[in-house]
Amino acid sequence: GKADILRLQGKQQLALVSYDHALSIEPDNIRALAGKGDVLFALGNLSEALVTYEEKIRLNGSDLRTLFNVAEIHSRLNQPDQAIASYDKVLLLDPRNVSALVGEGDAFYTLKNYILALRSYDSVLNIDTKSIRALTGRGDILLLQKDFTGSIISYNTLLKIDPKNV
């Protein structure tokens, strides 16, 4: 609708007003909730976006994009436990979702749960052998664990893929 067009045109504030109007008429409008959540997320209003996305999930709990956005918000709010729980919901629906696996690995890394972080990063690398974030996280963890050979292998692979990143 109109709000979606405004959002795509970058007119976030006007889109937000339009989504709010649609929700005042139909509070359970899943499309308006998703759009409003996306606008709030883009504007950096993470707490409000989270509330909006959670309402959408209550109505339709199987939308991967919304579940992923909730996980990303928890990550940005430095809530790794909640991020992991949200990434797990994404992975239940799509076990090969590389972005969710990387996010989960990063959250485990934040919690210093290096075993589970490594497992997440290794799962990513089984799907996408060139994942820069997974290779970096894997190399960093192996270095912390004094597995210098494994760390060098990860960093060398990373260097071959993206020499500017190392």
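See the structure shown above.
Only a predicted model underlies this, so the values are computations on that prediction, with no experimental measurement involved. Each chain has its residues counted from 1, following the order in which its sequence is written. Reporting in this predicted model follows two pLDDT cut-offs: at least 70 for local features of residues, and 80 or more for side-chain atom pairs to be given and counted; totals over whole chains, interfaces and linings ignore these cut-offs and use all residues. Hydrogens and waters are ignored; side-chain quantities use all the structure's heavy atoms.

Caption draft 1: Quick peek at the nonpolar core. One finds Tyr87, Ala100 and Ile141 to be the most contacted residues of the largest nonpolar core, which totals 24 residues. Mapped by element, the contributors of at least two residues to this core are helix H5 (64–76), helix H6 (80–93), helix H7 (98–110), helix H8 (114–127) and helix H9 (132–144). Put simply, DSSP H or I for four residues or longer makes a helix, DSSP E for two residues or longer makes a strand, and each gets a number counted from the N terminus. Here the element with the most residues in this core is H8; it accounts for six residues. Note on definitions: a residue-residue contact is assigned when non-hydrogen atoms from the two residues lie within 4.5 Å. What Ala100 contacts, discounting residues up to four positions off in sequence, is Phe68, Tyr87, Val90 and Leu91. Only buried residues count toward a nonpolar core, which is a set of Ala, Val, Leu, Ile, Met, Phe, Trp, Tyr and Cys residues joined through side-chain atoms within 4.5 Å. Buried means the residue's accessible area, taken with a 1.4 Å probe over protein chains only, is under 20% of the maximum for its type, while exposed means over 50%, and partly exposed covers the values in between.

Caption draft 2: The pattern of salt bridges, seen in detail. Any carboxyl oxygen of Asp or Glu within 4 Å of a side-chain nitrogen of Lys or Arg constitutes a salt bridge here. By the definition in use, this model includes nine salt bridges. Linking Asp28 and Arg58 is a salt bridge whose minimum nitrogen-to-oxygen distance equals 3.9 Å. Taken together, the residues span a long stretch of sequence, with Asp28 in the loop between helix H2 (12–25) and helix H3 (30–43) and Arg58 in helix H4 (residues 46–59) at a distance of 30 residues. On the basis of relative accessibility, which here comes to 53%, the residue Arg58 falls in the exposed class. What you see here is one network of salt bridges that share partners, running through Asp4, Arg7 and Arg31.

Caption draft 3: Layout of H4. One less than the residue count of a helix, multiplied by 1.5 Å, gives the span that helix is expected to have. A rise of 1.5 Å per residue sets the reference length of H4, with its 14 residues, at 20 Å; its end C-alpha atoms lie 20 Å apart and thus fit the reference within 8%. Among the residues of H4, Leu46, Ala49, Leu50, Thr52, Tyr53 and Lys56 are the ones counted as buried. The secondary structure elements touched by the buried residues of H4 are H3 and H5.

Caption draft 4: Inspection of the packing of aromatic side chains at higher detail. Ring pairs are drawn from Phe, Tyr and Trp, using the six-membered ring of Trp, whenever the two centres fall within 6.5 Å, and their geometry is named by plane angle: stacked under 30 degrees, edge-to-face over 60, tilted for the rest. Under the definition given, this model contains three aromatic pairs. With 6.4 Å between their ring centres and 90 degrees between their planes, Phe41 and Tyr53 make a pair best called edge-to-face. Residue Phe41 is located in helix H3, and its partner Tyr53 is located in helix H4; the two are separated by 12 residues in the primary sequence. A relative accessible area of 13% places Phe41 in the buried class. On the basis of relative accessibility, which here comes to 1%, the residue Tyr53 falls in the buried class.

Caption draft 5: Spotlight on a nonpolar patch on the surface. Exposure above 30% relative accessible area and the absence of a salt bridge qualify a residue for a patch, where like charges join within 9 Å and nonpolar side chains (Val, Leu, Ile, Met, Phe, Trp, Tyr) within 5 Å. Per-residue and other accessible areas follow the Shrake-Rupley method at a 1.4 Å probe size, with only the shown protein chains counted as cover for residues. A cluster of nonpolar side chains, contributed by Leu143, Phe148 and Ile152, occupies part of the molecular surface with about 290 Å² of accessible area. Along the polypeptide, Phe148 turns up in helix H10 (residues 148–161).

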